[in-house]
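Analysis of the macromolecular model
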Amino acid sequence: MYRYDNYDHTIVNERVAQFRQQTERFLEGDISDSEFLPLRVQNGLYIQRLAPMLRIAIPYGMLSATQLRKLAQISRDYDKGYAHFTTRTNVQMNWPKLEEVPDILAALAEVEMHAIQTSGNCIRNTTADQFSGVAPDEIEDARPYCELIRQWSTLHPEFAYLPRKFKIAVSGAEQDRAAIQVHDIGLQIVCNGEGETGFKVLVGGGLGRTPVIGSVINEFLPKQHLLTYLEAILRVYNQLGRRDNKFKARIKILVRALGIDIFREKVEAEWVFLKDGPRTLTEEAIAHAKSFFTEPDYAVLDDQQAQAELDRQAAADKAFSNWLKRNVRPHKVAGYTSVTLSLKPTGIAPGDVTDVQMEAIADMADAYSFSEIRVCHEQNLILADVKKTDLLAVWQAARQYGFATPNIGFLTDLICCPGGDFCSLANAKSIPIAESIQRRFDDLDYLYDLGTLHLNISGCMNACGHHHVGHIGILGVDKKGKEFYQIQLGGSSVNDAALGKVLGPSFSQEEIPDVIEKIVQVFVQHRSAEELFIDTVRRIGLDPFKEKVYAAAH
Amino acid sequence: MQRLIKDGAIIHDDWKLLDQELDSASKLPPGNIIVPLQLWLQNITELEQRDTAVGIWLDSDQPPRLLEGDIDSLALIAINFPVFSDGRGYSYARELREHYHYSGEIRAIGDVLRDQLFYLQRCGFDAFLLRSDKDAELALASFDDFSDSYQAAVHQTQPLFLRR
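Cut-off values and rules
- Residues numbered from 1 in each chain as written.
- Chains lettered and ligands numbered in written order.
- Predicted model: local features only at pLDDT ≥ 70, side-chain atom pairs only at ≥ 80, totals over all residues.
- Helix = DSSP H or I, 4+ residues; strand = E, 2+ residues; numbered from the N terminus.
- Rg over C-alpha atoms; globule rule 2.2 N^0.38 Å.
- Buried ≥ 20, exposed ≤ 12 C-beta atoms within 10 Å, placed from the backbone.
- Pairing = 2+ DSSP bridges.
- Contact = placed C-beta atoms within 7 Å.
- Axes fitted to C-alpha atoms, helices over the stretch in contact; angles between N-to-C directions.
- Nonpolar A, V, L, I, M, F, W, Y, C, P; charged D, E, K, R; others polar.
- Core = buried A, V, L, I, M, F, W, Y, C linked by C-beta atoms within 7 Å.
- Parallel < 35°, antiparallel > 145°, perpendicular 65-115°, else oblique.
- Left-handed = near helix turned anticlockwise from the far one by under 90°.
- Expected span 1.5 Å × (residues − 1).
- Arc of directions from axis to C-beta.

Let us now look at the overall build of chain B. Check the secondary structure of chain B and you find 6 helices and 8 strands. Secondary structure elements of chain B occur, N-terminal to C-terminal, as β-β-β-β-α-α-β-β-α-β-α-β-α-α. Against the compact-globule benchmark of 15 Å for 164 residues, chain B has a radius of gyration of 16 Å, which places it among compact chains. Projecting the C-alpha coordinates of chain B onto the three principal axes gives extents of approximately 55 × 35 × 25 Å. Expressed as a percentage of the 164 residues in chain B, the buried residues total 38%.

Now the structure itself:
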């Protein structure tokens, strides 16, 4: 993974010093609340319902074992001994003290981490496919380009006061696992007829109050032009994006207002000044970025022999076999696999881990996966390079520490924002909803029969829990001071991205497990053979679900 | 009056900033003046005949292309920040320097605060009229917040990836 050189260290250390000085001035009363706000949020610091919240960046989801141990240490020293992994592959501490945040940032800088631009109206942490570099269906590894984008966007002088936040995602594989169609900018690595690498560029996607699927602004952008083209898009947005209404300030509103063709013309007109200038990426710069993402020292393994042994182990243990089916996926190198550690056991807030668990995962990464861990936007952690012959040991360790729930991609592997228990924006709680659903669907065999079914929960329309793109989406709403939940069906964040459609009137918290169960019953009744939930919804539409769910209510 | 920072030092401001309400060129004060864009566009001939210098200030919804043709002849262009978090002016300054190759003074006016100076400078501003309640002396330190940056900008045309 990427390692800092002196330049990176200096920039991050200077940012820590700058924020320390800004925090002191704020505490002394020299900076007002409103003047301090963008300074602190661009360093990841929110003032929350119960306490400040610090969001730490994990660039494109890559973590080293050393970094994870440091996060465990920080959560113990400055917080309550746990942390929360987010849908932007960042990690949040929910109880730090404002005056200690500069010290936390200094501790992070020691292990090449920071909280820069994890919030605020600026370019946020760039996300990527969690299986970059190891996926069998990969065209090219997204991470070197993510790192180039990280550097370009970090402390960018022109784009720190955008109309609204700005999120970029990159996918380098045929299957989109980075939800690029619902980002402000989505980049799909493509190869043209001449064997050259470039990007299909999407713009104006996003969730939140007005969910939109992104539009294609450029079918093939040669790779050397990546940063100048991004700069042209941002410069147009910075000047023309609405600033009078924060709910209409995202780039998706601008793109929709102008139409993609006019927006493209404006970007191209701006790009003329930047294209082929000194900010154009060179072969050397790309090669330098790639040099940090070379293959680790893979062993040459006999895949057939390893598989035979694994089959034998699986046959002897049903629980291990279930876990292999759901939490382990193929790897491009013979004899290797990628393992997803589930952070969604029933009864724990999705994405939450304790300090002890973080240290256990770091140990597992050291022992079995080249000391690296990845965070995915579904709020799970991944050991990307595990030998088939190590899977039994990995499963046993995962089980000991509570990450072996064999539910990846199942209804209980739900995406969930912190909701009203923590977040001051939320209209409703989301964690208790998640738990009540997990408790209702506790039969693994049943879940296995249902197959892949993504359920996403957001506590408000800001959509941090990506409810619009869940196969089942649940949105917390406020009705006359009481918490209610609206259900949507048919969303998707992958290649066939779609926004869910609202089922009908909302439900109380107590009704939700029954409602979800009825929805699943309609699916089971109508599905053909091995059909997945999303395909059944697309085939039969919402009416059969409405009939079942609302008939029973009367 | 000692709030103007120019090229990293606090200097005496010998320009008079005229506000938006002025709608006629008839009662302009003597000396160097900075006029709103509208006043300039409506009174170009009169203003060009003055013996003293005339600068123009752009509000945050007035991009530099509205000045096209006049840019080279202006000694000073000011860009207003109605609130510091309105970031359009950063792009305007870059366009003035990088598209129009404007070499005169670009002055930040309005809600101009210490914690934005580093970025403003990188975008091509070279003069800063700090908000009246702020201490310009203390603000000078912020120009040294960072010793290097990843991106190319007005005074560093080579991005870090070309210099590593």
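Another aspect to go through is the sheet that holds strand E19 (residues 482-489) of chain A. Residue and element names in this part refer to chain A. Sheet architecture is open: 5 strands sit in the order E16-E17-E18-E19-E20, paired in mixed fashion. Strands at the two margins of the open sheet, each flanked by one partner only, are strand E16 (415-416) and strand E20 (501-502). The strands touched by helix H14 (residues 431-440) within the sheet are E16, strand E17 (455-458), strand E18 (472-479) and E19, with E17 carrying the most contacts at an inclination of about 155 degrees.

On to the interface of chain B and chain A. Contacts between the two partners involve 31 residues from chain B, matched on the other side by 30 residues from chain A. Where the side of chain B that touches chain A is concerned, the elements lending two or more residues are helix H3 (88-98), helix H4 (117-122) and helix H6 (160-163) of chain B. The dominant element in the side of chain B that touches chain A, judged by the number of residues it contributes, is H3 of chain B, at 5 residues. Considering only residue class, the side of chain B that touches chain A consists of 13 nonpolar, 9 polar and 9 charged.

Residue and element names in this part refer to chain B. By secondary structure assignment, the location of Gly 110 is in strand E7 (residues 105-110). Considering only alpha carbons, one finds Gly 110 and Leu 130, 20 residues apart in sequence, at a separation of 7.6 Å. Not counting residues within four places of it along the chain, the set of residues in contact with Gly 110 comprises Asn 80, Phe 81 and Pro 82.

With that settled, consider unusual backbone geometry. Residues and elements named next belong to chain A. Even without being glycine, Tyr 60 reaches a positive phi, approximately 40 degrees. Position of Tyr 60 relative to the elements: it lies in the loop between strand E2 (52-56) and strand E3 (62-64). In this structure Tyr 60 comes out as buried when scored by C-beta crowding, with 28 C-beta atoms within 10 Å. Positive phi, close to 65 degrees, is recorded for Asp 276, a residue that is not glycine.

Another aspect to go through is the pairing of strand E8 (residues 185-191) of chain A. All names here are of chain A. Extensive coverage of E8 is indicated by the burial of 5 of its 7 residues. Across 4 bridges, the pairing between strand E7 (residues 168-171) and E8 is parallel. The residue of E8 that forms the bridge with Ser 171 is Gln 188. Pairing of E8 with strand E9 (residues 197-203) involves 7 bridges; the strand directions are antiparallel. Across the sheet, Leu 187 pairs through a bridge with Val 201, a residue of E9. Between E8 and E9, which pair antiparallel and follow one another directly, the connecting turn spans 5 residues, one of which, Gly 195, has a positive phi of 80 degrees.

Let us look at the nonpolar core. Counting residues in each nonpolar core, the largest one holds 204 residues, and the members touching the most others are Ile 233, Ile 361 and Leu 383 of chain A together with Phe 128 of chain B. Ignoring sequence-local partners within four residues, the contact set of Phe 128 of chain B consists of Ile 5, Ala 108, Val 112, Leu 117 and Leu 120 of chain B.

Two residues of an α-helix separated by three or four positions point the same way, owing to the 3.6 residues in each turn. What helix H2 (residues 33-41) of chain A keeps buried is the set Glu 35, Pro 38, Leu 39, Arg 40 and Val 41 of chain A. Elements in contact with the buried residues of H2 of chain A: helix H1 (6-27) and strand E1 (45-47) of chain A.

Time to look at the environment of Leu 47 of chain B. Residue and element names in this part refer to chain B. Mapped onto the fold, Leu 47 is located in helix H2 (residues 44-48). Overall, the presence of 17 C-beta atoms within 10 Å leaves Leu 47 in the partly exposed class. For the pair Leu 47 and Asp 148, spaced 101 residues apart in sequence, the C-alpha separation works out to 42 Å.

All names here are of chain B. With mixed pairing, 8 strands are arranged side by side in an open sheet as E2-E1-E8-E7-E6-E5-E4-E3. Edge positions in the open sheet fall to strand E2 (9-11) and strand E3 (15-17), since each of these has one partner strand only. When strand polarity is set aside, the average angle formed by the axes of neighbouring strands in this sheet is 25 degrees.

Attention now goes to the environment of Val 41 of chain A. Residues and elements named next belong to chain A. The residue Val 41 is located in helix H2 in this model. In this structure the C-alpha to C-alpha distance between Val 41 and Ser 119, which are 78 residues apart in sequence, comes to 5.1 Å. Beyond its immediate sequence surroundings of up to four residues, Val 41 is in contact with Tyr 46, Ser 119 and Gly 120.

Residues and elements named next belong to chain A. The contact between helix H3 (residues 65-78) and helix H4 (residues 101-110) brings their axes to 10 Å, and the two run at 160 degrees. With respect to their mutual orientation, H3 and H4 come out roughly antiparallel. Of the two possible hands of crossing, H3 and H4 adopt the one that is right-handed. Seen from H3, the contacting residues are Lys 70, Ile 74 and Tyr 78; seen from H4, they are Ile 104, Ala 107 and Leu 108. Here the residues of the contact of H3 with H4 are counted per class, giving 5 nonpolar, no polar and 1 charged.

This paragraph deals with the pairing of strand E14 (residues 372-375) of chain A. Residue and element names in this part refer to chain A. In this sheet, E14 lies alongside E3 in antiparallel orientation, the contact comprising 3 bridges. What sits directly across from Met 62, in E14, is Arg 374. Where E14 hands over to strand E15 (residues 381-387), the hairpin turn is made up of 5 residues, of which Gln 379 adopts a positive phi near 70 degrees.

Moving on: helix H8 (residues 260-274) of chain A. Residue and element names in this part refer to chain A. When the terminal C-alpha atoms of H8 are compared, their 21 Å separation across 15 residues agrees well with the 21 Å that a helix rising 1.5 Å per residue should span. Of the positions making up H8, those classed as buried are Phe 263, Arg 264, Val 267, Glu 270, Trp 271 and Leu 274. Around the axis of H8, the buried residues are gathered within 130 degrees of arc, so they sit on the same side. In this structure, H8 carries Asp 261, Ile 262, Ala 269 and Val 272 as exposed residues pointing more than 90 degrees from its buried face. At its buried positions, H8 is contacted by strand E10 (215-222), helix H6 (226-240) and helix H7 (251-258). A positive backbone phi angle near 65 degrees is found at Asp 276, which sits one or two residues after H8.

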